[in-house]
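Structure at a glance
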Amino acid sequence: MTEGFKYHPRTAVITGYARSGSSGGTEATNRDELAGRSQIGLYTDTGRSERTEIAAPVGFNPEEYPILRDGNVVKQQLTPYAQMTLAVAHEAAQKAGLLNEDGKIHTDLDADSIGVALGTGSGAGIYLPQAREDILRSRKGLITPSQVLGTHMDQASARIEKVIGANGYTIFTSEACATGISVVADAVHSLWDGRNEAVVAVASEYLDQDWVLAFGEFHSVRALSKNRADPEHASRPFDKDRDGFILALAEAGAVVVETLQHAQERGANILAVIPT
């Protein structure tokens with residue numbers, strides 16, 4: 001990837017990635033996108049609001065990730081949002097070659113120079129209404145410590161750090177629809193200024209917990225498509241006849257960015273270069 005070009009040693013490169021979308025995990029999502037298949041359709045919020053919306057459904061399945069399988073303590077302590085975020089971050093770090101077989105950062109790497117960057121628009125905030133209801137129903141007006149942590153945006157990033165053993169500079173970004181690209185940019189900046197040598201950067205949203213809140217706020221500003229006649233093709237961001245965007249109920253993507261020097265020294269497979 002870098003042969004024949006001259007780059008600054010602190011040029012940022014991508015060495016691993018993972019994702020979870022409406023089709024499922026990384027491989028399933030890649031396969032559907034290459035085939036031009038979309039999971040977007042009409043879905044009903046059964047058991048709660050009973051409303052039907054155009055949406056990309058939840059494709060995340062924790063059972064597909066060894067770190068989240070039944071009986072694992074990590075899974076029991078995390079909300080679905082944090083589970084999905086941890087799963088794709090861990091997969092990206094594995095593919096980048098940062099982790100040992102035990103899922104921790106290689107002992108020959110400096111864990112203090114490997115950070116985590118998390119970006120989300122609403123993230124764990126979607127669980128606040130449920131936490132409020134639980135407090136009001138509780139005889140003592142209390143909720144469990146795990147429920148408290150479940151409403152914190154940093155629950156996911158803290159768990160990623162603990163699981164893989166990353167002790168570097170931590171970054172949190174929330175910039176609405178620009179959050180995904182912003183968290184990667186912030187991670188790259190931490191490489192350029194020397195705060196980190198590598199960063200696991202992940203952006204995620206998990207809106208399935210509360211359709212009323214997620215869809216209500218965007219309907220109020222008339223931002224969503226109303227193309228119920230052909231929902232599969234309703235997402236047309238560059239079409240002159242587009243009438244709004246589509247919400248995905250649960251999506252996450254992660255990349256590992258590191259300095260060129262760090263990647264070359266450990267013999268990493270460089271997937272892409274982000275020039276200065």
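Residues numbered from 1 in each chain as written. Predicted model: local features only at pLDDT ≥ 70, side-chain atom pairs only at ≥ 80, totals over all residues. Heavy atoms only, no water.

1. A look at the overall build of the protein
For the record, the criterion: Put simply, DSSP marks the helices as runs of H or I at least four residues long and the strands as runs of E at least two long, and each gets a number from the N terminus on. The classification of residues rests on relative accessible area computed with a 1.4 Å probe and restricted to protein chains. Under 20% of the type maximum is buried, over 50% is exposed, and intermediate values are partly exposed. We call two residues in contact whenever any of their non-hydrogen atoms come within 4.5 Å of each other. Residue burial considers only the protein chains on display, and all accessible areas are found by Shrake-Rupley using a 1.4 Å probe.
Counting its secondary structure elements, the protein contains nine helices and nine strands. Relative to its full complement of 276 residues, the protein shows a buried share of 47%. Here the analysis covers contacts within the protein between residues at least 6 apart in sequence; of these, 72% occur between residues at least 24 apart. Accessible area for the protein stands at about 14000 Å²; split by element, carbon and sulfur atoms hold 53% of it.

2. Let's talk about the sheet that holds strand S3 (residues 52-56)
Short version of the rule: The pairing criterion for strands is at least two bridges between them, as found by DSSP.
The strand order S2-S3-S7 describes an open sheet built from three strands, whose pairing is mixed. Every interior strand has two partners, whereas the edge strands, strand S2 (41-44) and strand S7 (247-248), have only one. Where S3 and S7 come together, two bridges link them in parallel fashion. The residue bridging Ala56 from the neighbouring strand is Ala248, located in S7.

3. Some words on the nonpolar core
Rules: By nonpolar core we mean a set of buried residues, namely Ala, Val, Leu, Ile, Met, Phe, Trp, Tyr and Cys, connected to one another through side-chain atoms within 4.5 Å.
Counting residues in hydrophobic clusters, the biggest one holds 38 residues, and the most contacted among them are Leu68, Leu86 and Leu98. No other element matches helix H3 (residues 80-95), which puts nine residues into this core. Counting residues in each nonpolar core, the second largest holds 14 residues, with Ala187, Val188, Val199 and Ala201 among its members.

4. Some points on the pattern of salt bridges
Which entries qualify depends on this criterion: Any Lys or Arg side-chain nitrogen located within 4 Å of an Asp or Glu carboxyl oxygen qualifies as a salt bridge.
Scanning all chains against the criterion turns up nine salt bridges. Linking Glu27 and Lys95 is a salt bridge whose minimum nitrogen-to-oxygen distance equals 3.7 Å. Here the residue Glu27 occupies a position in helix H1 (residues 26-35), and Lys95 occupies one in helix H3, the gap between them amounting to 68 residues. Among the residues examined, Glu27 registers a relative accessible area of 52% and is labelled exposed. For Glu258, the salt bridge identified is with Arg266, shortest N-O distance 2.6 Å.

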